[in-house]
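# Secondary and tertiary structure notes
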Amino acid sequence: MSTPPSDEKRTHPDRRQALSRLALLGTAPSALQLLMTGCSSPDRAGTDTPPARLSASTPYRNGAVAADHPIASAIGVDILKAGGNAVDAAIAVNAALGVVRPYSCGLGGGGFLVMYSERDGNAWAMNARETAPPGVWESYFVDLRSSGGPAEASRYGGHAIAVPGTPSGLFLAHARHGSLPMKDLLAPAARVARDGFPADDHFANAVESLRRTRERLPWTKTISKWTWTQWCHEGAVRAGTLVKNPALGRTLERLGTEGISAWRSGEIPKGLARAARASGGKLNANAIAGYRASACTPLVIDDAFAGDTLVTMPPPSSGGIALAQILGMHEEHLRQAGWPSAPDLASNHQLVEAMKIAFALRARYLADPDFAPVPTEALLEPAYIEELATTIEPDRARTAKEIGLATQLPEDRGTSHLCVIDRERTAVAWTSTINGTFGSLVGDPVSGVLLNNEMDDFTTSLGEGNLFGLRQSEWNAPEPGKQPLSSMSPSIMVDEAGRVRAIAGASGGPRIISGTLQVLLGMRYWGRSASEAISAPRLHHQWMPDAIAWEDDARGPDDGSALEGMGHQFEKTSRGIGVVQAIRVADSGFEPASDPRKGGTAAGY
Ligand code: GLY
């Protein structure tokens, strides 16, 4: 296992300020804890170990892929069978998802990858998150609005577009860990783009969602013209309609044969910049050419939950920190409750309260650590997480205001997660996004690439929620080159012997965190198979708005009245709580599962 990340240059410059802010959230780590590095955990032995509950065995012994589209999963397994490793397969699956789920991810977006190799115990992560283009500033969207621009400028059109990171990420992952030629890895996606594929229900729903956006905001009709024609057939796409994008196929072929240089110079960056500029965006060809994905040290959190190590994504993802905090707080509860064998009222209440705390901390502290003093290490200190757990009242829901700061009151289809494991038990979790459904709605006919609206993941206006209703701090305001805070949570759980136990991640904005969390808990604690863990109904609380979103049946047999009696409020949601892909590693083999909420199918051999 590689060493935990060091925080040396990222520790909060004003620790007294950090202390007082944390204190407002109920409890504070000591100054000594704030100065400590690493995420070492206390000795947890004997009764601290929960009982093992493993269920059904699994058929796959050589490799498995869980993507949110059956074509993508099948392509991944083909690459594994052809001798590719998990990273090779993940590259091919990622490229394919950009074709068959074009409203979720693709070359015009960004993402995070986490990898763990059981053979040598090494963990690796990659940051291919989009960056703000040159020429934006902190109050960019507020100023746009006050000068007569549309209120939704951070969501649709040129201003919403950040510099794409996925192409550079594909090539960095390949350079570091790939084994087959890039041409062979991009060829299946290029073929699907050129020859076409049948749309499924989820695709048709995304088209319907864009139709509604165009009706609600008629100014988006002009900017989405190419997307509406190319991907949506002017609204005529139904389940079964053959959809293709030959221009995207050619771009993928060119990347395969010419390499990343085809993305960085010539007609591709020029065409993308032209498309962004046509609706006022700041994206330019130099920024596209200059983008570099980076390798980074993943968050490796020993004994994050029940003895398992969590290998996950550091900031600018908020997902890794939030997952570790909620898992840590929840373990405290489970231990005190005598390791219950099924979720009950007390565990649901505690989980929701832990989510509220983690999301309040997210709103206050998390941002791009290259631009803001993110106290990662302090937020992950085990003693601090235990203290946070003690602030949860067992029989009463605290209000969002009590948990957070009185002064700061404040439908996702645009992300896709994939998991791969190969014969050597190298595990890859990769979440990619263009943010909202069909991203900015702006695409380029020459390259066939659809551009993201990741600028909406910045704090575009203090005190207001973003597309997902998330409140965020001034640290997350736009600046050129800065990466917006993300919830993407690609995660791998490894047992005390260094064996991969579970891989997971999700789409769904902030629901990524709660979806991934509940599936990991299901697989690693509640004894569920991967598909049982994914199918189980889920809850979500993001601190603000101060209400639990729930899926049918997630409130329990009493329809939530016991939770309501404790002070919880419920908010009906038509959306699922994230779309999760996962692989559980059981003694008998690999058990991949794709979320039925998006119609995915996993594969293996
Ligand atoms: N665009 C969704 C996220 O990064 O959290």
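Quick caveat: nothing in here was measured; it's all calculated off a predicted structure.

## Some details on the sheet that holds strand S15 (residues 539-540)
- The mixed open sheet is built from three strands, whose spatial order is S15-S16-S17. At either end of the open sheet lies a strand with only one pairing partner, and these are S15 and strand S17 (570-572).
- Relative to S17, strand S16 (residues 548-550) is paired through three bridges, and the arrangement is parallel. For Ile 548, the partnering residue across the bridge sits in S17 and is Phe 570.

## Here we look at the site of the ligand
- Neighbouring the ligand are the residues Arg 129, Thr 433, Asn 435, Glu 454, Asp 457, Ser 486, Ser 487 and Met 488.
- Contacts to the ligand include Thr 433, whose side-chain N or O atom sits 3.5 Å from a nitrogen atom.
- Contact with the protein chains hides 98% of the accessible area of the ligand, taken as 200 Å² for the molecule alone.
- Its residues assigned to classes, the shell around the ligand comprises one nonpolar, four polar and three charged.

## Re helix H13 (residues 267-277)
- Buried within H13 we find Ile 268, Pro 269, Gly 271, Leu 272, Ala 273, Ala 275 and Ala 276.
- Among the structural elements, helix H11 (246-258), helix H12 (261-264), helix H14 (285-290), strand S11 (443-444) and strand S12 (449-450) are those in contact with the buried residues of H13.

## Examining the pairing of strand S7 (residues 299-305)
- Counting buried positions along S7 yields six of seven residues, so the element is predominantly enclosed.
- Pairing of S7 with strand S8 (residues 308-312) involves four bridges; the strand directions are antiparallel. Bridge pairing in S8 links Phe 305 to Asp 308.
- If you look at the hairpin formed by S7 and S8, you'll find two residues sitting between the two strands, and Ala 306 has a positive phi there, around 50°.

## A few points about the packing of helix H7 (residues 182-195) against H11
- At their nearest, the axes of H7 and H11 sit 8 Å apart, and the two run at 170° to each other. As judged from the angle between their axes, H7 and H11 are roughly antiparallel. Mapping the contact onto sequence places Met 182, Lys 183, Leu 186, Ala 189, Ala 190, Ala 193 and Arg 194 in H7 and Pro 246, Leu 248, Gly 249, Leu 252, Glu 253, Leu 255, Gly 256 and Thr 257 in H11.
- Looking at side-chain class alone, the contact of H7 with H11 contains nine nonpolar, three polar and three charged residues.

## Considering the nonpolar core
- Counting 83 residues, the largest nonpolar core has Trp 231, Trp 430 and Phe 438 as the members making the most contacts within it.
- Top contributing element to this core by residue count: helix H4 (residues 86-100), with 12 residues.
- Excluding its chain neighbours within four sequence positions, the residues that come into contact with Trp 430 are Ala 90, Ile 91, Asn 94, Phe 112, Leu 113, Met 126, Leu 170, Ala 173, Ser 416, His 417, Leu 418 and Pro 490.
- Listed in part, the 82 residues of the second largest apolar core include Val 114, Tyr 365, Tyr 384 and Ala 530.

## Here we look at the environment of Thr 399
- Along the chain, Thr 399 falls in the loop between helix H18 (382-390) and helix H19 (400-403).
- Separated by 43 residues in sequence, Thr 399 and Lys 356 have C-alpha atoms that sit 9.1 Å apart.

## Quick notes on the packing of helix H15 (residues 319-336) against helix H20 (residues 511-524)
- Where H15 meets H20, the closest approach of the two axes is 10 Å, and the angle between their N-to-C directions is 45°. What the angle tells us is that H15 and H20 run oblique. Classified by chirality, the crossing of H20 by H15 is right-handed. For the pair H15 and H20, the contacting residues are Gly 319, Ala 322, Leu 323, Ile 326, Leu 327 and His 330 in the first and Ile 513, Thr 516, Leu 517, Leu 520 and Leu 521 in the second.
- Taken together, the residues that form the contact of H15 with H20 break down as eight nonpolar, three polar and no charged.

## Points about the packing of aromatic side chains
- Scanning all chains against the criterion turns up nine aromatic pairs.
- Note on Tyr 525 and Trp 526: the rings are 4.6 Å apart at their centroids and 80° apart in plane angle, and the pair reads as edge-to-face. Accessibility classification places Tyr 525 together with Trp 526 in one group, the buried group.
- Grouping aromatic residues by their ring pairs yields a cluster made of Tyr 103, Phe 197, Phe 203 and Phe 438.

Cut-offs used in this document
Residues numbered from 1 in each chain as written. Predicted model: local features only at pLDDT ≥ 70, side-chain atom pairs only at ≥ 80, totals over all residues. Heavy atoms only, no water. Pairing = 2+ DSSP bridges. Helix = DSSP H or I, 4+ residues; strand = E, 2+ residues; numbered from the N terminus. Near = heavy atom within 4 Å. Polar contact = N/O pair within 3.5 Å; in protein donor to acceptor, adjacent residues only side chain to side chain. Areas by Shrake-Rupley, 256 points an atom, 1.4 Å probe, with all protein chains shown as cover. Nonpolar A, V, L, I, M, F, W, Y, C, P; charged D, E, K, R; others polar. Buried < 20%, exposed > 50% of the residue type's maximum accessible area, 1.4 Å probe, protein only. Contact = heavy atoms within 4.5 Å. Axes fitted to C-alpha atoms, helices over the stretch in contact; angles between N-to-C directions. Parallel < 35°, antiparallel > 145°, perpendicular 65-115°, else oblique. Core = buried A, V, L, I, M, F, W, Y, C linked by side-chain atoms within 4.5 Å. Left-handed = near helix turned anticlockwise from the far one by under 90°. Phe/Tyr/Trp six-rings, centres within 6.5 Å; stacked < 30°, edge-to-face > 60°.

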